[in-house]
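# Residue-level structural notes
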Amino acid sequence: MEDLLRREPGCGSVRATGHTGGGCISQGRSYDTDRGRVFVKVNSKAEARRMFEGEMASLTAILKTNTVRVPKPIKVLDASGGGSVLVMEHVDMKHLNSHAAKLGAQLADLHLENKKHGEMLLKEAGTVGRGGGKEEWPFVDRFGFDVVTCCGYLPQVNDWQEDWVVFFARQRIQPQMDMVEESGDREALQLWSALQLKISDLFRDLEITPALLHGDLWGGNVAEDASGPVIFDPASFFGHSEYELAIASMFGGFSNSFYSAYHGKIPRAPGFEKRLQLYQLFHYLNHWNHFGSGYRGSCLNIMRNLVK
């Protein structure tokens, strides 16, 4: 790895530190270089480059909003032994504790950034002598993302759609159900067929502005350093802000102060609880397809509750 870092990013000196990290998908290690300390994620799978390029695009998009801190991405490289690596800024992180409320407020700012940007552009367009030029950062009025991102190691279809319900049903739940279908689970498929007829009802009279999402914001993907909260390992796209809170509430890791600060800026809309179940369905299906049928019961229970 030292030779790769010298060759590709062009670091003069490279030395491994004692900092390591990783999860069930990739492993990582920090290196001291003449350009500063970097963190390198490594994955040996053939599709790792696609996964890391999606993560790099996600980090770049969040970084651009200047709302919540993420490690600055540097480069995706092909590993010498196969697979790929993602080189990024090293952040000296610890468990999220004192900055939970700040994270809630900053996450809301991230979700509101595109909406506020659109309102600003609209206001400028109506001001004499302003507007008319090409925007470096245009308002995003559709749901999706420019590149494929991966939630875990499974790719997400991010083709742009005008309608959020269409995007979520076709490009989040349906690909997961296609994998379930391969296992021959008839009950799951029957419940999904029934649920598809009811999804639109959960969004009646709801206006959704596309929001840039982290996409996989569970407790293991948040932390803090001396300056405040940090989020990492994103699987970003422009979607419904409520979607972000689904996996956050599934596996713990977020305090009441986090939610109070978040909803102080983005209040719960009518029907929030049922939509949260719908969004959790994606993550339980994703876990089923990653880790096995231990998550099947949670998937079926959610679908049963929503089709009543």
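Here, every reference points to the structure presented above.
Report on the accompanying structure. All figures in this text were calculated on a predicted structure; none of them were measured in a lab.

### Digging into the overall build of the protein chain
Looking only at helices and strands, the protein chain has 9 helices and 11 strands in total. Taking 2.2 N^0.38 as the reference for a compact globule, 308 residues should give roughly 19 Å; the C-alpha atoms of the protein chain span a radius of gyration of 20 Å, in line with that estimate. Projected onto its principal axes, the C-alpha positions of the protein chain cover 60 × 60 × 35 Å. Residue burial in the protein chain is summarised as follows: out of 308 residues, 49% are buried. Considering only contacts within the protein chain whose residues lie at least 6 apart along the sequence, 64% involve residues at least 24 apart. Summing over all exposed atoms, the protein chain offers an accessible surface of approximately 14900 Å²; the carbon and sulfur share of this is 48%. Placing the 34 positive and 37 negative side-chain charges of the protein chain at their respective mean positions leaves the two points 2 Å apart.

### Let's talk about the environment of Met56
Structurally, Met56 is set in helix H2 (residues 48-65). When its relative accessible area of 22% is taken as the criterion, Met56 is described as partly exposed. For the pair Met56 and Leu96, spaced 40 residues apart in sequence, the C-alpha separation works out to 23 Å. When residues no more than four places from it in sequence are discounted, the contact partners of Met56 are Pro73, Ile74, Lys75, Val76 and Leu86.

### Section: the packing of aromatic side chains
One pass over the full model with this rule turns up 17 aromatic pairs. Look at Trp164 and Tyr243: their rings are 6.4 Å apart centre to centre, the planes differ by 85 degrees, and that puts the pair in the edge-to-face class. Taken together, the positions of Trp164 in helix H4 (residues 164-182) and Tyr243 in the loop between strand S11 (237-239) and helix H6 (244-248) put the pair 79 residues apart, joining distant regions of the chain. Judged by relative accessible area, which is 1%, Tyr243 ranks as buried. Judged by centre distance (5.6 Å) and plane angle (25 degrees), the ring pair of Phe167 and Phe237 falls under stacked. Here Phe167 is found in helix H4, whereas its partner Phe237 is found in strand S11, with 70 residues between them in sequence.

### Let's talk about the side chain of Gln171
Here Gln171 shows up in helix H4. Take Gln171: its relative accessible area is 7%, and that puts it in the buried class. Engagement of the side chain of Gln171 in a polar contact is seen with the backbone oxygen of Val157, the distance being 3.1 Å. Non-local contacts of Gln171, meaning those with residues more than four positions away in its chain, are made with Val157, Asn158, Asp159, Gln161 and Val166.

Conventions we followed
Residues numbered from 1 in each chain as written. Predicted model: local features only at pLDDT ≥ 70, side-chain atom pairs only at ≥ 80, totals over all residues. Heavy atoms only, no water. Helix = DSSP H or I, 4+ residues; strand = E, 2+ residues; numbered from the N terminus. Rg over C-alpha atoms; globule rule 2.2 N^0.38 Å. Buried < 20%, exposed > 50% of the residue type's maximum accessible area, 1.4 Å probe, protein only. Contact = heavy atoms within 4.5 Å. Areas by Shrake-Rupley, 256 points an atom, 1.4 Å probe, with all protein chains shown as cover. Lys, Arg positive; Asp, Glu negative; His and termini not counted. Charge placed at Lys NZ, Arg CZ, Asp CG, Glu CD. Phe/Tyr/Trp six-rings, centres within 6.5 Å; stacked < 30°, edge-to-face > 60°. Polar contact = N/O pair within 3.5 Å; in protein donor to acceptor, adjacent residues only side chain to side chain.

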